[in-house]
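Structural overview
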Amino acid sequence: QPWNRVTIGLALDALRQDAPLAPGSPGGMCEFRASLMKAFLFKLYVASWKDDASTMPAAASGLDAADLSADDATGPNRREPSTSAQYHRLQRDSGTNAISSTALGQELTHASAEMQTTGEAHYIDDIPLPPNTGHAALVLSTKARAIVKAVDAAPALSMDG
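Now for a look at the structure at hand. None of these values were measured; they are calculated from a predicted model. (Residues numbered from 1 in each chain as written. Predicted model: local features only at pLDDT ≥ 70, side-chain atom pairs only at ≥ 80, totals over all residues. Heavy atoms only, no water.)

Further remarks concern the overall build of the protein chain. Within the protein chain one finds six helices and zero strands. When the helices and strands of the protein chain are placed in sequence order, the string is α-α-α-α-α-α. Out of the 161 residues belonging to the protein chain, those deemed buried represent 12%. Residue pairs at least 24 apart in sequence account for 35% of intrachain contacts in the protein chain once pairs closer than 6 positions are excluded. For the protein chain, the accessible area works out to roughly 13900 Å², and carbon and sulfur atoms hold 59% of it. (Helix = DSSP H or I, 4+ residues; strand = E, 2+ residues; numbered from the N terminus. Buried < 20%, exposed > 50% of the residue type's maximum accessible area, 1.4 Å probe, protein only. Contact = heavy atoms within 4.5 Å. Areas by Shrake-Rupley, 256 points an atom, 1.4 Å probe, with all protein chains shown as cover.)

Below you can see the structure in the form of structure tokens.
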């Protein structure tokens, strides 16, 4: 099929079906992650059109100026990396004016703060699962204070693993 607005619409629909992120998926932030997948696919579409713009005018591709800005590293959506600072008041001894050696009552930078803010931190979802990892799921009752008389494990037992 030609690479155009219709094709990208079909690709976005296929992405939604092939990579569903149900609420409660491991890692959380499902809506954000789904939006991010769509944004990357659309950015690929715009970037590939820009690479071969000579074969199809922007109007024929269905792209407008706002769409084209998705791949513009110098355009209005570009911003410098964020920076921040954290200031601490040092506790001084009132008699000697020396800086107190105790941490009690003083702000301390968390040990992992720098790695988290720079994207270098590793999280449990970043670690590959070892072979034969067991999985469990909590199944809650739909009835308050009910007594479970039986559990049908057949669907679970029929699964691979």
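In this section: the nonpolar core. I8, L41, F42, Y45 and V46 together form the largest nonpolar core, which totals five residues. Aside from chain neighbours lying at most four places away, what touches L41 is I8, A11, L12 and L15. (Core = buried A, V, L, I, M, F, W, Y, C linked by side-chain atoms within 4.5 Å.)

Turning our eyes to something else, we now look at the pattern of salt bridges. Throughout the structure, instances matching the rule amount to one salt bridge. D13 serves as the salt-bridge partner of R16, at 2.4 Å between the closest nitrogen and oxygen. Highlighted residues: R16 and D13, both in helix α1 (residues 5-18), separated by three residues, approximately one helical turn. Residue R16 is classed as partly exposed on the basis of its relative accessible area of 43%. (Salt bridge = Lys/Arg side-chain N within 4 Å of Asp/Glu carboxyl O.)

A few words on the environment of A39. Mapped onto the fold, A39 is located in helix α2 (residues 30-51). With 27 residues separating them along the chain, A39 and L12 place their C-alpha atoms 9.5 Å apart.

Let us now look at unusual backbone geometry. One non-glycine residue, N132, lies in positive phi territory at about 60°. In this structure, N132 sits in the loop between α5 (113-118) and α6 (154-157). For N132, a relative accessible area of 82% gives the class exposed.

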